[in-house]
Amino acid sequence: MRVYDIIRKKREGMELTDGEIRFFVDGYTEGSIPDYQASAFLMAAFLQGLSFQETFSLTDAIVHSGKVLDLSRIPGIKADKHSTGGVGDGVSLAVAPVAAACGLKVAMMSGRGLGHTGGTLDKLESIQGYRCDLSEGEFARVVERVGCSIIGQTAELAPADKKLYALRDVTATVDKKELIAASILGKKLAEGIDCLVLDVKCGSGAFMKTEADARELASLMVRIARERGKKVTALITDMDAPLGNAVGNSMEVIEAIDCLRGRAPQDYTELVYELSSRMLLLAGYGTPEECRTQCERAVESGAAFAKFKEMVGAQGGNVGWIEDTELFPRAPCSRIVRAERDGFISHMDAEGYGTAALLLGAGRQKKEDAIDYSAGIRILKKTGDEVLEGDGIAVLFASDEALFPAAEKRLLASVRYSDAPPPARPLVLGVVG
Ligand code: URA
């Protein structure tokens, strides 16, 4: 078999066999297929698309490019939640302890920020001492003892995705449904979980800009995960505006803590309950209403907050910072961004907000960039809010005043106004599976 022939076959729009896809994934993972041929393959797949069978084979080849975790010795149902990526979307930090406080075992492997979207690992690493690099043995022990653990993908788990993702990121081949589905499920199916809740983001801040595309991606992932014997549900949720009021790493950790203490913004809290109660529902914890009530009780009783502290402590993090969020380092510089006219905010381009946060230092412009954990945006006004010209709509935080002009320009360009209130957009746009 020659990779040249595989690229050519895909370029011509023909369907690849399972063996050809496996040959490509294994060869690229072990290094016998170079980046330039893998790039050509990805672009051919991007332009010609992949059939369901090809996407299934690609997912399976990614799963088997490394080790598949065995968590079966941990009693109870193991579950995870995964988002396709958004802005201000730090809800995993709250969802995991809420579900764990209800009795689920949450084994969560998360990623870093990509482009304008934030990453759960970067957020957690803003907590002094928190270790995302637990060994598989340590991970399993924390899941068993505490009930939840959030770590990064280990080197042995789905190594093909790590290499392919980095290549897609620089070859403009990220936003293709089949490739996203294989990438996400390639990791999730290697985790040894029983249940998976997918949060497929849709709108200006998401990879899927339209509801139709988000629905197609959700259906594809649900079908693959089901055929692999997992219990799975996908929620299609709004990412046309940033979620909650914080964009930036330590600011989003503080927002998650606020949620666990029952005082986060309404959209954020609602999504945490939607996702955590869906996890319980999949695991057979009762009717939708009963699952929702269990999640709400876990927050009201303080059990979910206690779980979060326990997890942070078990992973080496400074629990004092969780108890007193004033201890998180604050950015030395801030600037208020003001409304440019009277009216209602009719649209916030979430990608623009994410990019503005990136420009402030909250994300990486190049893979090797260091993150400024205290940088970010506090959102003061959101879609539907009425403003007068000059009202503060957001506060920027950074370590250097020189970063403000570009970020402010990007943010202002992301806001649109109208004379009448815009129609309200529901948070959950659909459920698949
Ligand atoms: N998240 C992933 O893990 N992979 C993708 O391709 C997109 C989002």
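Data block above holds the structure.
First things first, this report covers the structure right here in the doc. Within every chain, residues take consecutive numbers counted from 1 along the sequence as written. In keeping with the model being predicted, local features are shown solely for residues with a pLDDT of at least 70 and side-chain atom pairs are shown and tallied solely at 80 or more, while totals for entire chains, interfaces and linings include all residues. Working from all heavy atoms in the structure, the side-chain values ignore hydrogens and water.

**Here we look at the sheet that holds strand 12 (residues 415–418)**
Put simply, the rule is: A pair of strands is considered paired only if DSSP assigns at least 2 bridges between the two. Only DSSP runs of H or I with at least four residues qualify as helices, and only runs of E with at least two residues qualify as strands; both kinds are numbered from the N terminus onward.
Strands sit in the order 10-8-12 across an open sheet of 3 strands; the sheet is antiparallel. Unpaired on one side and paired on the other, strand 10 (386–387) and strand 12 mark the two borders of the sheet. Sheet analysis places strand 8 (residues 343–348) next to strand 10, joined by 2 bridges and oriented antiparallel. Pairing of Phe344 across the sheet is with Glu386, part of strand 10.

**Overview of a negative patch on the surface**
Let me state the cut-off plainly: What goes into a patch is any residue over 30% in relative accessible area without a salt bridge, connected to like charges within 9 Å or, for nonpolar side chains (Val, Leu, Ile, Met, Phe, Trp, Tyr), within 5 Å. Areas reported as accessible are Shrake-Rupley estimates using a 1.4 Å probe. Residue values count occlusion only from the protein chains shown. The salt bridge criterion pairs a side-chain nitrogen of Lys or Arg with a carboxyl oxygen of Asp or Glu, the two atoms within 4 Å. Under the convention used here, Asp and Glu are negative, Lys and Arg are positive, and both His and the chain ends fall outside the count. Taken as the charge location is NZ of Lys, CZ of Arg, CG of Asp or CD of Glu.
A cluster of acidic residues, Glu340, Asp342, Glu386 and Glu389, forms a negative patch at the surface. Here Glu389 is to be found in the loop between strand 10 and strand 11 (392–398).

**Some thoughts on the sheet that holds strand 7 (residues 333–338)**
The condition is simple: Here, two residues are considered to be in contact whenever any of their heavy atoms come within 4.5 Å of each other. Axis angles are defined between N-to-C directions and span 0 to 180 degrees, where every axis is a line fitted to C-alpha atoms and, for a helix, only to the segment in contact.
What the 4 strands build is an open sheet, ordered 6-9-11-7; its pairing is antiparallel. Looking at strand neighbours, the two that pair on one side only are strand 6 (246–247) and strand 7, the edges of this open sheet. Judged from the 4 bridges that link them, strand 9 (residues 376–379) and strand 11 form a sheet pairing that is antiparallel. By the bridge assignment, Gly376 is partnered in strand 11 with Phe397. Seen against the sheet, helix 16 (residues 350–362) touches strand 6, strand 9 and strand 11 and runs at an angle of roughly 135 degrees to strand 9.

**Here's the deal with helix 13 (residues 288–300)**
Heads up, the rule is: To estimate the expected span of a helix, count its residues, drop one, and scale the result by 1.5 Å.
In this model helix 13 runs 18 Å from its N-terminal to its C-terminal C-alpha over 13 residues, within 8% of the 18 Å that 1.5 Å per residue would give. Packed against the buried residues of helix 13 are helix 5 (92–101), helix 11 (249–260), helix 12 (266–282) and helix 14 (303–314). After helix 13 finishes, the residue Gly302 shows a positive phi value of roughly 90 degrees.

**Considerations on the site of the ligand**
We apply this condition: Throughout, the term near means that a residue has one or more heavy atoms lying within 4 Å of the molecule or strand in question. Pairs of N or O atoms within 3.5 Å make up the polar contacts considered here, provided that, within protein, one atom can donate a hydrogen while the other can accept it, and that residues adjacent in sequence are counted only when both atoms are side-chain atoms. When residues are sorted by character, Ala, Val, Leu, Ile, Met, Phe, Trp, Tyr, Cys and Pro go into the nonpolar class, Asp, Glu, Lys and Arg into the charged class, and all the rest, Gly among them, into the polar class.
What surrounds the ligand is the set Thr84, Tyr165, Arg168, Ile180, Ser183, Ile184 and Lys187. In this structure, a nitrogen atom belonging to the ligand sits 2.7 Å away from a side-chain N or O atom of Ser183. One of the side-chain N or O atoms of Lys187 is found 2.6 Å from an oxygen atom in the ligand. Of all the secondary-structure elements, those providing two or more residues to the shell around the ligand are helix 8 (159–170) and helix 9 (177–188). Sorting elements by how many residues they give to the shell around the ligand places helix 9 first, with 4 residues. Tallied by class, residues from the shell around the ligand come to 3 nonpolar, 2 polar and 2 charged.

**Quick notes on the state of the cysteines**
Rules: Any cysteine sulfur atom paired with another within 2.5 Å is treated as part of a disulfide.
All chains considered together, the criterion is met by 0 disulfides. The thiol of Cys148 is not disulfide-bonded; the next cysteine sulfur, from Cys102, is found 11 Å away.

**Comments concerning the nonpolar core**
We apply this condition: The nonpolar core is taken to be a set of buried Ala, Val, Leu, Ile, Met, Phe, Trp, Tyr and Cys residues, with the residues joined through side-chain atoms within 4.5 Å. Three exposure classes are used, based on accessible area relative to the maximum for each residue type with a 1.4 Å probe and protein chains only: buried under 20%, partly exposed in between, and exposed over 50%.
One finds Val106, Ile127, Phe308, Ile377, Ile393 and Leu411 to be the most contacted residues of the largest nonpolar core, which totals 124 residues. Non-local contacts of Ile127, meaning those with residues more than four positions away in its chain, are made with Val253, Phe308, Val312, Gly317, Asn318, Trp321, Ile322 and Phe328. Counting residues in hydrophobic clusters, the runner-up holds 23 residues, among them Ile6, Ile7, Ile62 and Leu179.

**Let's talk about the pattern of salt bridges**
As enumerated under the stated definition, the model contains 31 salt bridges in all. As a salt-bridge pair, Lys67 and Glu136 come within 2.8 Å of each other at their nearest N and O atoms. Of the two residues, Lys67 is situated in the loop between helix 4 (52–63) and strand 1 (78–83) and Glu136 in helix 7 (residues 136–146); the sequence distance between them amounts to 69 residues. Between Lys123 and Glu252 there is a salt bridge, and its shortest N-O distance comes to 2.9 Å. Placement of Lys123 in helix 6 (residues 120–124) and of Glu252 in helix 11 is noted, with a sequence separation of 129 residues between them. When salt bridges with common partners are traced through the structure, they connect Asp18, Arg22, Asp60 and Arg228 into a single cluster.

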